[in-house]
Amino acid sequence: MKHYQLVGIGNAVVDVISHADDSFLDHMGIEKGIMQLVERDRSETLYASMSDRLQTPGGAVANTVAGVGALGLQTAFIGRVRDDALGRFYADAMTDNGIDFVNPPVQGSDVPTSRSMIFVAPDGERSMNTYLGISTGLTSGDVPVEVTGNARIMFLEGYLFDHDAGKTAFREAARATKAGGGIAGIAISDPFCVERHRADFLALIENDLDYVIGNEHEICSLFETDLESALTRTAAICPLVICTRSGDGVSVISDGERIDVPVEEVTPVDATGAGDQFAAGFLYGLATGRDVDVCCRMGNACAAEVISHIGPRPQKEMMKVFQAEGLV
């Protein structure tokens with residue numbers, strides 16, 4: 001039976017990237033510089049309007065899993081795609097990157113594979129238009145216990161908590177991982193997701209999870225309070241709380257012990273994927289038994305690399321970066 005150092009469950013989204021000037025954005029009614037959810041018809045109109053498409057497998061937790069896999073660990077990803085052109089592309093691309101893509105593309109569904117149409121303006125601003133499609137329909141039936149039960153670390157994507165079936169799948173996955181001797185945690189993903197499901201979110205963290213990763217806005221949203229209070233209250237129900245604070249570094253409370261790790265200021269070329277790759281570096285450190293401060297520094301190094309170029313996944317060999325920074 002195969003064992004994994006990291007298994008992620010999340011939205012399987014194909015990122016479709018194209019260049020567009022401001023007049024094109026205006027003409028298509030695309031609001032510049034933000035991410036917005038779109039319906040199927042709108043997604044098909046935008047997809048058809050893209051002239052120079054670059055397609056890459058995306059999704060926040062999938063990006064983290066890819067980052068950890070690139071560092072040489074055994075990884076798997078659980079997510080739903082349809083048996084259509086984009087779905088087959090996604091599954092093949094994840095497999096080509098050395099990630100076990102656990103779920104075969106769904107046949108017989110009329111709901112397309114999830115995609116995000118990303119328009120990059122000449123000034124580097126990205127306007128993201130995301131159609132969630134089939135990935136949000138994840139249920140326990142998509143989550144094989146032979147995978148979750150053999151994970152050293154389970155990583156869940158908060159966005160999928162929006163659906164009752166997703167909540168159940170998360171609880172079952174976390175419990176299977178813990179029963180097998182692993183640990184389970186979540187990327188909060190979005191303050192609005194917390195606001196819609198706060199009681200359930202907190203119950204999952206308190207009863208089933210070992211770690212939480214979020215930025216300061218996401219951590220604050222858990223208890224609708226200031227950052228220091230939110231960190232203290234979250235740490236009271238969860239053994240490991242990791243809060244990224246952009247230029248202010250990272251704050252971690254591990255078993256009641258607080259550490260703050262600074263970060264070098266970097267002017268981003270493209271901030272997409274910074275949180276995903278921070279999580280990749282941190283979880284790599286955790287999976288390989290590093291101290292928490294080293295995990296943070298590994299996360300910071302991965303985040304700094306990914307914001308130095310377009311795209312949400314690292315382009316450099318991060319192990320060489322770790323070696324250069326004395327982290328391994």
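Small disclaimer: the values here were computed from a predicted structure and weren't measured.

(A) Representation of the overall build of the chain. For the chain, the count of helices and strands is 13 helices and 14 strands. Against the compact-globule benchmark of 20 Å for 328 residues, the chain has a radius of gyration of 19 Å, which places it among compact chains. Seen through its principal axes, the chain has C-alpha atoms that stretch 55 × 45 × 40 Å. Counting only residues that meet the buried cut, the chain has 55% of its 328 residues in that class. Within the chain, residue pairs in contact and separated by at least 24 positions form 71% of the contacts whose partners lie at least 6 positions apart. A distance of 4 Å separates the average location of the 25 positive side-chain charges in the chain from that of its 47 negative side-chain charges.

(B) The arrangement of the sheet that holds strand β4 (residues 54-58) in detail. Pairing is mixed in the open sheet, where five strands are placed in the order β3-β8-β7-β2-β4. Here the strands that pair on one side only, and so sit at the sheet edges, are β3 (35-37) and β4. Each neighbouring strand pair of the sheet contributes to a mean axis angle of 20°, computed without reference to strand direction. Across six bridges, the pairing between strand β7 (residues 114-120) and strand β8 (residues 126-131) is antiparallel. By the bridge assignment, Phe119 is partnered in β8 with Ser127. Helix-sheet contacts for helix α2 (residues 40-49) involve β2 (13-19), β4, β7 and β8, and the interaxial angle to β7 is about 45°.

(C) Main features of the nonpolar core. The biggest cluster of nonpolar side chains holds 57 residues, and the ones touching the most others in it are Phe77, Tyr90, Phe155, Ile242, Phe282, Leu283 and Phe322. Those residues within four positions of Leu283 in sequence are excluded, and the remaining contacts are Leu6, Thr64, Ile153, Phe155, Tyr211 and Ile213.

(D) Expanded view of the sheet that holds strand β1 (residues 4-9). As summarised here, the arrangement of the nine strands in space is β6-β5-β1-β9-β10-β11-β12-β13-β14, forming an open sheet in which the pairing is mixed. Across the chains shown, the open sheet's two edge strands, defined by having one partner strand only, are β6 (100-101) and β14 (257-261). Relative to strand β10 (residues 183-187), strand β9 (residues 151-157) runs parallel, the two being bridged by five bridges. Bridging from a neighbouring strand, Glu157 pairs with Ala187 of β10. Where helix α9 (residues 216-223) meets the sheet, it contacts β11 (211-215) and β12 (240-244), and its direction lies at approximately 115° from that of β11.

(E) Layout of the UniProt feature "domain: Carbohydrate kinase PfkB" (unreviewed entry) in the chain. Mapped onto this numbering, the UniProt entry annotates "domain: Carbohydrate kinase PfkB" (unreviewed entry) at residues 51-313. For residues 51-313, the end-to-end C-alpha separation is 23 Å, with 40% helix and 21% strand making up the annotated structure.

(F) A look at the packing of aromatic side chains. Enumeration according to the criterion identifies nine aromatic pairs in this entry. Here Phe155 and Tyr211 contribute two aromatic rings whose centre-to-centre distance is 6.2 Å and whose plane-to-plane angle is 25°, an arrangement assigned as stacked. Of the two residues, Phe155 is situated in strand β9 and Tyr211 in strand β11; the sequence distance between them amounts to 56 residues. Each member of the pair Phe155 and Tyr211 is classed as buried. On the basis of an interplanar angle of 65° and a centroid distance of 5.0 Å, the ring pair of Phe161 and Phe201 is categorised as edge-to-face. With Phe161 in the loop between β9 and α6 (164-179) and Phe201 in helix α8 (residues 198-208), this residue pair connects regions lying 40 residues apart in the sequence. Judged by its relative accessible area of 0%, Phe201 is buried. One cation-aromatic arrangement involves Arg53 over Tyr47; the distance from NZ or CZ to the ring centre is 4.0 Å.

(G) Looking closely at the pattern of salt bridges. Enumeration over the complete set of coordinates arrives at 16 salt bridges. One salt bridge in this structure joins Lys2 and Asp100, with 3.0 Å as the shortest N-O distance. Taken together, the positions of Lys2 in the segment before β1 and Asp100 in strand β6 put the pair 98 residues apart, joining distant regions of the chain. For Lys178, the salt bridge goes to Asp210, with nearest N and O atoms at 3.5 Å. Taken as a pair, Lys178 in helix α6 and Asp210 in the loop between α8 and β11 lie far apart in primary sequence, 32 residues in all. Given the relative accessible area of 32%, Lys178 is considered partly exposed. Counted as one network, the salt bridges with shared partners bring together Glu228, Arg245, Arg258 and Asp260.

Procedures and definitions
Residues numbered from 1 in each chain as written. Predicted model: local features only at pLDDT ≥ 70, side-chain atom pairs only at ≥ 80, totals over all residues. Heavy atoms only, no water. Helix = DSSP H or I, 4+ residues; strand = E, 2+ residues; numbered from the N terminus. Rg over C-alpha atoms; globule rule 2.2 N^0.38 Å. Buried < 20%, exposed > 50% of the residue type's maximum accessible area, 1.4 Å probe, protein only. Contact = heavy atoms within 4.5 Å. Lys, Arg positive; Asp, Glu negative; His and termini not counted. Charge placed at Lys NZ, Arg CZ, Asp CG, Glu CD. Pairing = 2+ DSSP bridges. Axes fitted to C-alpha atoms, helices over the stretch in contact; angles between N-to-C directions. Core = buried A, V, L, I, M, F, W, Y, C linked by side-chain atoms within 4.5 Å. UniProt positions renumbered as here; feature names shortened; annotations may be inferred. Phe/Tyr/Trp six-rings, centres within 6.5 Å; stacked < 30°, edge-to-face > 60°. Lys NZ or Arg CZ within 6 Å of the ring centre and 35° of its normal. Salt bridge = Lys/Arg side-chain N within 4 Å of Asp/Glu carboxyl O.

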